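Here is what each chain is made of, one letter per residue.
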Amino acid sequence: MNAVAPVSLEGDDQEITTATTRLTSSHQHAANGHTAVNVANGHSAITVVSDDEQSPSSEGNPVANALTNAYCDSVEKLPQVIEVSGRSRDGGPGSVMLGGKVWFVKDGCGVTCAVFTYLLVLYAEFVVMGVILFPSNSLVYSIINAVIFNFFAFLAVASHVKAMLTDPGAVPKGNATKEYIEGLGLKPGQVVYKCSKCSSIKPERAHHCSVCRRCIRKMDHHCPWVNNCVGEGNQKFFVLFTMYIAIISLHALIMAGIKFFGCMDSQWEECSRFSPPATIIMMIFLVFEGLLFAIFTAVMCGTQLHGICNDETGIEQLKKESPSWEKKGKWMSIKAVFGHDFSLAWFSPFNQPDINSGKSPPYLYHV
């Protein structure tokens, strides 16, 4: 009697396996309430079993066939792409595609953090330009530092916008249909996983985000400061954002120190257009902001680069997952994130790297 190997489940993800033998009379093991899809000789069957019982194949089983048809009908009604809408399907947070082109996560906490980030950059801009650099005893010094600070501040804001509005690598929602699975052309020994939360076929190294309510390719973490997941599609922009914020924070600290010691050697009234108490208070807040975000973003940037060089995401490091994929070398991993062939485009938030070049088939797992 030829039979398919038992179906095993991992966490909330359902494993879908293929076999060359036709399923005749086998028993499947699945988690309670979960559905496993088995593909044998080009035929798909869906079997629902509980923890304490084993169920035969759906071939010739009218009850199982009815469950199969009901499941496929419900999955096929889910949208393939999230289009613009006033709210998500249940009125809660989620991701939308504005005009089908711009990714945006509808999360109150994330939007608040993003707006707060822009306000902090504006405050630093105001203090640096209006208190520290102008008026100044040296016009050349002020102009040079103003150009440098504004250049990196612009890149930081642009990187933040790109990290927030770029699809991090969301898997099409609701594509776990029988027809789609059969169309993958699975071979013996190849396994795919279906997410039970968004009914998507999960690529290797993808994880489900409860805020975006989508499975994200190579998900590193969900960052409220950019109101988005950090994943395969936008990791470059997140790294650039943390790097440029660290640069302008350090630059602001240096300029604030020079200004403070310069004013101690002269009259405070001549150092700023504001009163001495107001000048000191604004500079103290700027120093506090600069120290906090210089340390935070520098550590975050270093952590990201360390993970990229080791070809590991933050989630994989936390879970201590054993790599089932073929790890790339440090240089290849960096090029996979920032784009192939080193150039100044690596440091530009306006250059979108080609994340699909040199990739293996997205849904295949080898066992």
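Nothing here was measured: the structure is a model prediction, and the numbers come from that model.

> If you had to explain the state of the cysteines to someone new, which residues and values would you point to?
The tally for this structure, following the rule as stated, stands at one disulfide. Here C263 connects covalently by a disulfide to C271, the sulfurs 2.4 Å from one another. Since a negative S-S torsion denotes a left-handed disulfide, the C263-C271 link at about -135° is left-handed. The exposure classification of C263 matches that of C271, with both residues buried. With no disulfide partner, C215 has as its closest neighbouring cysteine sulfur the one in C198, 3.5 Å distant.

> Quick one: what's the story with the UniProt feature "transmembrane region" (unreviewed entry) in the protein, residue by residue and with numbers?
The UniProt record annotates "transmembrane region" (unreviewed entry) at residues 111–133, 139–158, 237–258 and 278–299. What you have in residues 111–133 is 100% helix and 0% strand, and the ends, taken at the C-alpha atoms, are 32 Å apart.

> Explain the pattern of salt bridges to me, using residue names and the numbers behind them.
Going through the model one piece at a time under the given rule, you end up with four salt bridges. A salt bridge links K328 to D311, with the nearest nitrogen and oxygen atoms 3.9 Å apart. You can see K328 sitting in the loop between α7 (314–319) and α8 (330–338) and its partner D311 sitting in the loop between α6 (276–309) and α7, a full 17 residues away along the chain. Note on K328: relative accessible area 30%, which makes it partly exposed. Counted as one network, the salt bridges with shared partners bring together R205, D311, E316 and K328.

> Describe the packing of aromatic side chains, and please don't skip the residues or the numbers.
Counted according to the given criterion, the structure contains eleven aromatic pairs. Measuring from centroid to centroid gives 5.2 Å for F151 and F152, while their planes differ by 70°, and the two rings are edge-to-face. One aromatic cluster is present, built from ring pairs that chain together W331, F338, F342, W346 and F347.

> Can you break down the confidence of the model for the protein residue by residue, with the values?
Per-residue confidence for the protein gives a mean pLDDT of 75; residues scoring 70 or more make up 69%. Mean pLDDT across the elements of the protein bottoms out in strand β4 (residues 43–48) (30) and peaks in helix α3 (residues 139–165) (97). This model gives residues 1–12 a pLDDT under 50, and the stretch forms 33 contacts once residues within four places in sequence are excluded. Long-range and interchain partners of residues 357–367, a stretch whose pLDDT sits below 50, account for 33 contacts in this model, where long-range means more than four residues apart.

> Could you give an account of unusual backbone geometry, with specific residues and numbers?
The residue after F134, namely P135, is reached through a cis peptide bond having omega 0°. Non-glycine residue R205 carries a positive phi angle of around 70°. Position of R205 among the secondary structure elements: in the loop between β9 (201–202) and β10 (207–209). On the basis of relative accessible area, R205 is assigned to the buried category, the value being 12%. Positioned with a positive phi, K218 is a non-glycine residue whose angle comes to about 45°. Looking at the secondary structure, you find K218 in the loop between β11 (214–216) and β12 (221–223).

> A description of the packing of helix α2 (residues 108–133) against α6 should follow, citing residues and the corresponding values.
Between α2 and α6, the least distance of the axes is 10 Å, while the angle of their chain directions is 135°. The orientation of α2 with respect to α6, classified from their angle, is oblique. Relative to α6, the crossing made by α2 is left-handed. Seen from α2, the contacting residues are L120, V121, Y123, A124, F126, V127, V128, V131 and I132; seen from α6, they are T279, M282, M283, F285, L286, E289 and F293. Split into classes, the residues belonging to the contact of α2 with α6 amount to 14 nonpolar, one polar and one charged.

Analysis parameters
Residues numbered from 1 in each chain as written. Predicted model: local features only at pLDDT ≥ 70, side-chain atom pairs only at ≥ 80, totals over all residues. Heavy atoms only, no water. Disulfide = S-S within 2.5 Å. Buried < 20%, exposed > 50% of the residue type's maximum accessible area, 1.4 Å probe, protein only. UniProt positions renumbered as here; feature names shortened; annotations may be inferred. Helix = DSSP H or I, 4+ residues; strand = E, 2+ residues; numbered from the N terminus. Salt bridge = Lys/Arg side-chain N within 4 Å of Asp/Glu carboxyl O. Phe/Tyr/Trp six-rings, centres within 6.5 Å; stacked < 30°, edge-to-face > 60°. pLDDT = per-residue confidence, 0-100. Contact = heavy atoms within 4.5 Å. Axes fitted to C-alpha atoms, helices over the stretch in contact; angles between N-to-C directions. Parallel < 35°, antiparallel > 145°, perpendicular 65-115°, else oblique. Left-handed = near helix turned anticlockwise from the far one by under 90°. Nonpolar A, V, L, I, M, F, W, Y, C, P; charged D, E, K, R; others polar.

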